[in-house]
Every structure is written in C-alpha cells, then in structure tokens.
Amino acid sequence: MSHSYFTRKLLNIKDKNITFSKDYLEKVKLNGITSFIFKGILTYQPTHCQKCGTLFDSKFKKHGFKTSRIVIPKVSLHDTYLDLKKQRYYCGHCQSTFTLSTSIVEKNCYISYHTKHAIALEAQNKISECDIARRHQVSHSTVNRIIHSFYESQTLNLNYLPENLCFDEFKSVKSAEGHMSFIFCDADSKQIIDIVEDRRLNSLQAYFKRYTKEARHRVKNIVIDMYAPYISLIKDLFPHAQIIIDKFHLVQHLSRTLNKTRIRFMKKFKKHGRKFKRYWRLFLKSHALLNTTTYRSVYCFKQPMREIDILNFLLDLSPELKATYDLYQELLFALQTKNLKRFNHLLETEHPLVSPEFQTAFQTFKTYQSYIKNTLSTHYTNGPIEGINNKIKVIKRIAFGYRSFYHFKSRILMVQNLTKPKTKILAA
Ligand SMILES: [Zn+2]
C-alpha cells in the first residue's frame, strides 16, 4: 500500500486519480492560522475533449498543470487545504485547452463537496452561520449560499390540513410588518406546518385560500390567542372549526393586567414602592401556593414574615387593590380548574371596586366569552408552539438576528428537521 493510498483514506478522497508525492504535507501559517496543506496531483487520460467532445486520440497533448487550493475538512483540528495540481490537456481538433476534473470538487469551485456537505449538516444544529463559517474555513456568505442550495425548499400539501391546529405568532425579522410573523402547527403531532411572514388578515387570507376547500373544511379545532383578525379569518375560511382561546394567553392577559394595577399603586404609595417592586411575584402566584407556615426574615420588613403576611400588608393599603387581587385569584382558579360555570358567573357579575385596568380586561374577556368556553372544555393549548417559539428565539439569538425572512424561515425549518438536505448531495 502506497502513502498515496493512505493519504486518500485519511482525507476520505475517493478519486483514485489523485496521487500524493513524497513531501506531500506542509504545515504553514495562513493569515496567522496554522494550517495543513496537502499537495496532490490529478492526472489521468481523459476519454474525450471537454470543449468539443471528440474522443481521445493522438491529437491530444499534455499541456502543463493548473494548481488550485481546495478547502477540505479539518485534520487534527487544523485548517486544511488540498493544493491540487490538475493536469491540463490540449485538444488538436478544436485547438483549445482544458483542465481535468475530479469528483471531490465542483468545476470552478474551491470548496470540496465534503466541506459543503458538513456545512449543510451543521445547519441543522443551533449554531450561527458565522461559527459554521469559521469552523470550515469559508466565508459567511459561502455558508449562506451552500445552506440554501443544499436544502430543498419545503413542499406544502395544499390538499391536506390536520384536524386540530395551533395558530400563533413570533417576533420575526425587521422587514416583516409589525415585526411579527405567523406560525401554525398540528396540535396533535406538534409539527410545524408553515411559517408566514405577515400575520395581518389580508396576507393570511391570501395564504389559506391556496389550500383546497376540502382541506380547510376538515379542520375541527383551532387554538389562537386573543387577536381579532384570527377570528374573522377562521369564520371566513374554516367554517367547521371551533375557536379555542389558548389558556396560557388568558392567564398571561390576567397577570399583565394585575401587574399594571400593581405598578400604579407602587407609584402611588412611594413609601412602600420598594416592597411593591420586590414582591411582585407574590401577587401573581396562585393563592393556594403561598407560604403560610414558615416565617422568614425578609429584606424590606423588620420582623420575620410569611409570604401571606407580606401580601396582606400590601393589599391592606388599598381596597381597590384588594378587590382586584381577589378577582384575579378567582378567575385564575376558575381557569385552572376548568370551572366554566364559575368563570361565566364571575364575568356576568358587576365588580365596581376593581381597578380600571381590570375593567378593560373584563370587557375583552366578555367579547371572547363564547370562545373561552371552548378553552375550558378541551385539552388543546398552544403549548406545542410555545416550545417551538422558544427554539426560534435561540436561533435568532445565536445568529444575532436575521435580515432576510427567507433565510430565517429556512433555518427554522432546518433546525426543526422539516427540510432535509438533497439526497444527491448526501451521496457525494
Ligand atoms: Zn476539442
């Protein structure tokens, strides 16, 4: 076995026309980085002329070499290149010259298939394109180009939609209207179906009209947050679907409102402002979970207190705050125990004492009352999408933001394993 054989094995080069001479490896500093340079020679007798296609005969002459530096995967964690001396030929039939080609790299390209393949696979991980570029000795724009040429664009089946869907939105790129994009997934399999750049009604209507009537008509449940355009969209295009307001969003809406009230009181009672600020969690916590047994020394008070004492101290400052808090807890409890009767009763009763912030929230709840009914009678939530949204945040953060929605979307689909690298490339 020659050292050419072993070097080809080491570099995983399948092309047997590449050979390595005795002093084939050099360790040099390239742009300040210690790198390996392998020196290979590519030579074989071509079967035909690459320019005119004439079969090889005596009119073909060897015509020197052309050396190109090809990026190949790292060896022992060093940047590694292959300086490939490629045989050139002169064809007497068309009086032109051509360079021999090899299977390790595309014609007129300096990045090996192995490196391209590694880049394409790495795009499925939560890693920034900059980091991929650094790891594979190529530029950022090269990574971008490779990723998008290696992945097939996602194929949508416009004749089918699952029976149960989740609709949600996420903070998208700056070019998206309002910076928000729309995402929807299968509530049962928890798979993303698609991402739409613009979540406004017109754009979503145009988008969903591409699906067949049959596909849309078989949808039975759709979980949404309290965003009015979704409701008109569903009524318009999904006539058989039941609208479910996501439970998580309801609770979130409640706690935001309570927070607003708390902050107003924090400003009003300047003397206790610090306490309002420090113990914000106690207000939102479900009342049953408050600590009522252990006394602890607490920062803002002189004597040891239980959680419930701190809360009561602050609530006793204002009857309005107390009333608002009590109502918040009642609504929260009704939601958590899925007690529809209790919830409706609370909505239908007058609560003159509660804060103006809560009055507004109440009006919103009344508007959506018929859909909240569905929330309390089903197990579907937007939980699956929340998980995906967290992942999207990570992708965005590691990439330091995306300017193009197209790139952002395809990366999300890659990390979610929804688009696969083209098989042709995988085999190479
Ligand atoms: Zn020719």
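Residues numbered from 1 in each chain as written. Predicted model: local features only at pLDDT ≥ 70, side-chain atom pairs only at ≥ 80, totals over all residues. Heavy atoms only, no water.

In the nomenclature of an unreviewed UniProt entry, the chain is known as ISL3 family transposase of Turicibacter faecis.

K.L.:
Which parts of the structure should I look at to understand the domain arrangement of the chain?
P.N.:
How large an interface is tends to be reported as the accessible area lost when its parts come together. The assigned domain composition of the chain is domain 1 (3-110), domain 2 (113-150), domain 3 (164-243 + 400-421) and domain 4 (247-375). Here the C-alpha centre of domain 4 lies 72 Å away from the C-alpha centre of domain 1. (Domains from an automatic or database assignment.)

K.L.:
Could you clarify how one ought to interpret the coordination of the zinc ion in this entry?
P.N.:
Think of it this way: four donors in a tetrahedron around the metal ideally sit 109.5 degrees apart, and six in an octahedron ideally sit 90 or 180 degrees apart. The protein atoms donating to the zinc ion are C49 (SG), C52 (SG), C91 (SG) and C94 (SG), with metal-donor distances spanning 2.3 to 2.4 Å. Here the zinc ion binds four donor atoms, and the angle range of 103 to 115° at the metal identifies the geometry as tetrahedral. Expressed as a motif, the donor residue spacing for the zinc ion is C-x2-C-x38-C-x2-C. Placement of the pair is C52 in the loop between strand 2 (33-42) and strand 3 (60-75) and C94 in the loop between strand 4 (78-91) and strand 5 (96-99), with a sequence separation of 42 residues. (Donors = N, O, S within 2.8 Å, 3.2 Å for Na, K, Ca; no water. Tetrahedral: all angles 85-135°; square planar, octahedral: opposite > 155°, others 65-115°. Helix = DSSP H or I, 4+ residues; strand = E, 2+ residues; numbered from the N terminus.)

K.L.:
What should I look at first to understand the packing of helix 8 (residues 247-268) against helix 12 (residues 319-336) in this one?
P.N.:
The axes of two packed helices give the description: the angle between them and the distance between them. The geometry of helix 8 relative to helix 12 is characterised by a closest axis approach of 11 Å and an angle of 170° between their N-to-C directions. Our classification of the angle between helix 8 and helix 12 gives roughly antiparallel. Residues K247, L250, V251, L254, S255, L258, T261, R264 and F265 of helix 8 lie in contact with helix 12, whose contacting residues are E320, L321, T324, Y325, Y328, L331, L332, L335 and Q336. Tallied by class, the residues present in the contact of helix 8 with helix 12 amount to eleven nonpolar, four polar and three charged. (Axes fitted to C-alpha atoms, helices over the stretch in contact; angles between N-to-C directions. Parallel < 35°, antiparallel > 145°, perpendicular 65-115°, else oblique. Contact = heavy atoms within 4.5 Å. Nonpolar A, V, L, I, M, F, W, Y, C, P; charged D, E, K, R; others polar.)

K.L.:
Can you walk me through the pairing of strand 2 in this structure?
P.N.:
Put simply, side chains in a regular strand alternate between the two faces of the sheet. When strand 1 (residues 18-30) meets strand 2, the two strands line up antiparallel, connected through nine bridges. In the sheet register, F20 faces strand 2, and the bridge partner there is G40. Here strand 2 pairs with strand 4 via eight bridges, running parallel. In the strand pairing of strand 4, I41 is matched with K85. (Pairing = 2+ DSSP bridges.)

K.L.:
Explain the packing of aromatic side chains here, please?
P.N.:
The description of an aromatic ring pair rests on the distance of the ring centres and on the angle between the ring planes. Per the counting criterion, the structure on display carries 28 aromatic pairs. Centre to centre, the rings of F184 and Y207 are 6.1 Å apart; their planes meet at 75°, and the pair counts as edge-to-face. Taken together, the residues F184 in strand 7 (residues 180-186) and Y207 in helix 5 (residues 201-208) connect sequence positions 23 residues apart. Just as F184 is buried, Y207 falls in that class too. A centroid spacing of 5.2 Å and a plane angle of 75° characterise the contact between F208 and F238, whose relative ring orientation is edge-to-face. Here F238 lies in the loop between helix 7 (228-237) and strand 10 (242-245) and F208 lies in helix 5, a separation of 30 residues in the sequence. Looking at F238, the relative accessible area reads 1%, which means it is buried. Against the face of Y227 rests R199, its NZ or CZ located 3.9 Å from the ring centre. (Phe/Tyr/Trp six-rings, centres within 6.5 Å; stacked < 30°, edge-to-face > 60°. Buried < 20%, exposed > 50% of the residue type's maximum accessible area, 1.4 Å probe, protein only. Lys NZ or Arg CZ within 6 Å of the ring centre and 35° of its normal.)

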